[in-house]
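Structural characterization, general
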Amino acid sequence: MGTEFLKIKECDEAIDIIQKLFDENLKAESEEVSVDEAYGRILFEDVYSKMDFPPFDKALKDGFAIISSDSFGASEESPNTLEVIDFLEAGATTDKKVEKGKCIEISTGAAMPEGADAVVMVEYAEKMDGKVNLLTTATPSQEVAKKGSDIGESKLILEKGDFLNPGKIGVLLSQGFETIEVYKKPSVGILSSGNEITLQGERLEYGKIYDVNGGMIKNDAISCGSDAHFLGVMRDNYDEVKEKIEESLKEVDILFCSGGTSAGLGDVLKHVLDELGEVYVHGISVQPGKPTIVGVIDGKIVMGLPGNPVSALMIFNAFVAEPLTKLAGIDKDFELNVVKGKITKRIHSQVGRMQYQLVKVDGDNIQPIFKDSGAIFSLSTADGYVKILKLVELVDEGEEVEVYLFS
């Protein structure tokens, strides 16, 4: 059985309920992916090195691999002369050993030959007729990267929760990893509802509107690390809504239904959730987005978002983004996604419920965007929103406020 129709939850209570439903019904899972396809994914476990890197002593510069003591005292005025016995390119090997009075010409990245302990750069050497004049003194290990100097074998190289950027993927490739365990992206579906909704590409009849929320919420869910898909439109009909939800939950673990949540004829989602599962939230003390529904069907979360685009986006960011991001393995501190500034115009708020006010950030100036929740173009200029507590009736011009950024 569900809760009483529109039994309003306070914002903090709703946040706690939604997080608890995520924790109780959805478990973070892993999957193995090719390292070549791992960019942007989140590591599911700590990763340790398979070998020393570099795996051998290697030359850092083009020059001559020598015994460092053979260069002692060398200068441009009084060079030391050595016999050149071989040449080593990167990837090549030699069976010749560097001995006193001898050296091997070497390229950057080549393995140091046996016996040599330093490299004299070509800029400080003169080669002629199988010999080389050293024009400077070299110290032991000069221009040599020692085996394991970057990372030793069996050392921690990446940590669980790391975002796999190009540099971290480079580390995996250097160790010979072909596959890696990453967080499996939460499976999310988005349905739009309403008899007035028309899909892009279809003829727009009088009184109809194009669907906005389907693509908008899908991309917001993707930005939270999920594998999200728009699953179509359902009409305000009980049987159609029920069938579409049952069908969609075969494909996804989290389902967002946009529209059909307000009290009135179009409100069928709450009754479908009551029949198929349980309703935990039906109404939040917030403006906009009061008629939000949250339920669970067979261990899968179903959330009814308001039909107005601004309301839908605000509710998603305020109540869903954090638990969804956490489920995806992304360690994000949402408190850091807040900036402060002074409001440039007075804001009047309805006492009794939290108000989310869209704003634009211009340096230290916070500009309110005064448009209704169906005004989609306000979203193109908004940087985030300000929370106005339910007992606050007025935020005066010049007051300092906190802005919760959409980005």
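Not measured: the values here are computed from a predicted model.

A few words now on the state of the cysteines. Disulfide: a covalent bond connecting the sulfur atoms of a pair of cysteines. The final tally for this structure, using the stated rule, is 0 disulfides. The cysteine Cys-257 is free of any disulfide, with Cys-224 supplying the nearest cysteine sulfur at 18 Å. When its relative accessible area of 0% is taken as the criterion, Cys-257 is described as buried.

A few words on the environment of Phe-56. As for its position among the elements, Phe-56 is in the loop between strand E2 (47-48) and strand E3 (58-59). Residue Phe-56 is classed as partly exposed on the basis of its relative accessible area of 34%. Excluding its chain neighbours within four sequence positions, the residues that come into contact with Phe-56 are Gly-109, Ala-110, Ala-111, Ala-145, Lys-146 and Lys-147.

It is worth spelling out the sheet that holds strand E4 (residues 63-66) at this point. One open sheet holds the 6 strands; their spatial order is E7-E4-E6-E5-E9-E8, and the pairing between them is mixed. Looking at which strands have only one partner, the edges of the open sheet turn out to be strand E7 (118-121) and strand E8 (125-128). Here the average twist between neighbouring strands, direction ignored, is 35 degrees. By the bridge criterion, 4 bridges tie E4 to E7 in an arrangement that is antiparallel. Note on E7: the bridge partner recorded for Gly-63 is Met-121.

At their nearest, the axes of helix H3 (residues 213-223) and helix H6 (residues 309-327) sit 10 Å apart, and the two run at 25 degrees to each other. Judged by the inter-axis angle, H3 sits roughly parallel to H6. Crossing of H3 over H6 shows right-handed handedness. Side by side, H3 and H6 meet where Asn-213, Met-216, Ile-217, Asp-220 and Ala-221 of the first sit next to Pro-309, Ala-312, Leu-313, Phe-316, Asn-317 and Leu-324 of the second.

Take the nonpolar core next. Ranked by size, the top nonpolar core spans 43 residues in total, and within it Phe-22, Phe-256, Met-303, Phe-316, Phe-319, Leu-324 and Tyr-356 carry the most contacts. Looking at this core, the elements with two or more residues in it are helix H1 (11-25), strand E13 (187-193), H3, strand E17 (254-258), strand E20 (293-297), strand E21 (300-305), H6 and strand E24 (354-362). Tallying contributions element by element places H6 first for this core, with 12 residues. Leaving out residues up to four positions away in the same chain, Phe-319 has contacts with Cys-11, Ala-14, Ile-15, Ile-18, Ile-284, Met-303 and Tyr-356. Leu-191, Ile-245, Val-268 and Val-279 belong to the second largest nonpolar core, which has 17 residues in total.

Along the chain, Thr-325 turns up in helix H6. Beyond its immediate stretch of four places on either side in the chain, Thr-325 contacts Cys-224, Ile-330, Lys-332 and Phe-334.

With that settled, consider a negative patch on the surface. A cluster of acidic residues, Asp-239, Glu-240, Glu-243, Glu-246, Glu-247 and Glu-251, forms a negative patch at the surface. Within the element layout of this structure, Glu-240 appears in helix H4 (residues 238-248).

About the criteria used
Residues numbered from 1 in each chain as written. Predicted model: local features only at pLDDT ≥ 70, side-chain atom pairs only at ≥ 80, totals over all residues. Heavy atoms only, no water. Disulfide = S-S within 2.5 Å. Buried < 20%, exposed > 50% of the residue type's maximum accessible area, 1.4 Å probe, protein only. Helix = DSSP H or I, 4+ residues; strand = E, 2+ residues; numbered from the N terminus. Contact = heavy atoms within 4.5 Å. Pairing = 2+ DSSP bridges. Axes fitted to C-alpha atoms, helices over the stretch in contact; angles between N-to-C directions. Parallel < 35°, antiparallel > 145°, perpendicular 65-115°, else oblique. Left-handed = near helix turned anticlockwise from the far one by under 90°. Core = buried A, V, L, I, M, F, W, Y, C linked by side-chain atoms within 4.5 Å. Patch = residues over 30% accessible without salt bridge, like charges linked within 9 Å, V, L, I, M, F, W, Y side chains within 5 Å. Areas by Shrake-Rupley, 256 points an atom, 1.4 Å probe, with all protein chains shown as cover. Salt bridge = Lys/Arg side-chain N within 4 Å of Asp/Glu carboxyl O. Lys, Arg positive; Asp, Glu negative; His and termini not counted. Charge placed at Lys NZ, Arg CZ, Asp CG, Glu CD.

Remember, this is a structural readout, not a statement about activity or role.
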